[in-house]
Amino acid sequence: MRNGGHVSGKSSADIGVILTLSPRTVDSYLEKVCSKLRVRTRIEAVAAAVRLGLIDPG
């Protein structure tokens with residue numbers, strides 16, 4: 001994990017522990033994000049979010 005709470009290279013279970021969510025909830029949220037961004041994978045979602053200015057890469 002990087003400073004500021006960014007999650008890098010973490011599994012849904014790892015993210016769930018950090019955010020106090022179940023891995024299933026993390027996966028559900030990820031599915032919704034991917035749908036809204038019209039992408040298929042977690043990596044594509046991050047790339048789209050950076051491109052759209054939704055997150056700062058660093």
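Note that the structure is predicted; figures quoted are calculated from it, not measured.

Asks: Explain unusual backbone geometry to me, please; I cannot follow it from the model alone.
Replies: Leaving glycine aside, a negative phi is the common case for residues, and trans is the common case for peptide bonds. The phi angle at threonine 20 is positive, at roughly 55 degrees, despite the residue not being glycine. Mapped onto the secondary structure, threonine 20 falls in the loop between α1 (12-19) and α2 (23-37). When its relative accessible area of 71% is taken as the criterion, threonine 20 is described as exposed. For arginine 38, which is not glycine, the phi dihedral falls at a positive 60 degrees. In this structure, arginine 38 sits in the loop between α2 and α3 (42-51).

Asks: What should I look at first to understand α1 in this one?
Replies: Note: α-helices contain 3.6 residues per turn, so residues at a spacing of three or four share the same orientation. Residues of α1 that are buried include every one of Ser12, Ile15 and Gly16, and no others. What you see down the axis of α1 is that its buried residues fit within an arc of 105 degrees, all on one side. Tucked into the core, α1 has its buried residues touching α2 and α3. Among the residues trailing α1, threonine 20 stands out with phi positive, at a value near 55 degrees.

Asks: Looking at this structure, I do not really get a nonpolar patch on the surface. What am I missing?
Replies: On the surface, Val46, Val50, Leu52, Leu54 and Ile55 cluster together into a nonpolar patch covering about 440 Å² of accessible area. Within the secondary structure layout, leucine 52 lies in the segment after α3. Leucine 52 sits in the exposed class, given a relative accessible area of 54%.

Asks: Explain α2 here, please?
Replies: Here α2 contains 15 residues, and its C-alpha end-to-end distance of 21 Å stays within 8% of the 21 Å for a straight helix at 1.5 Å per residue. Along α2, the residues that are buried comprise Val26, Cys34 and Leu37. The arc that holds the buried residues of α2, viewed along the axis, is 70 degrees, so those residues lie on one side. Opposite its buried face, α2 presents the exposed residues Arg24, Glu31, Lys32, Ser35 and Lys36, each directed more than 90 degrees away. Positive phi appears at arginine 38, one or two residues downstream of α2, with a value of about 60 degrees.

Thresholds, definitions, all that
- Residues numbered from 1 in each chain as written.
- Predicted model: local features only at pLDDT ≥ 70, side-chain atom pairs only at ≥ 80, totals over all residues.
- Heavy atoms only, no water.
- Helix = DSSP H or I, 4+ residues; strand = E, 2+ residues; numbered from the N terminus.
- Buried < 20%, exposed > 50% of the residue type's maximum accessible area, 1.4 Å probe, protein only.
- Arc of directions from axis to C-beta.
- Contact = heavy atoms within 4.5 Å.
- Patch = residues over 30% accessible without salt bridge, like charges linked within 9 Å, V, L, I, M, F, W, Y side chains within 5 Å.
- Areas by Shrake-Rupley, 256 points an atom, 1.4 Å probe, with all protein chains shown as cover.
- Salt bridge = Lys/Arg side-chain N within 4 Å of Asp/Glu carboxyl O.
- Expected span 1.5 Å × (residues − 1).

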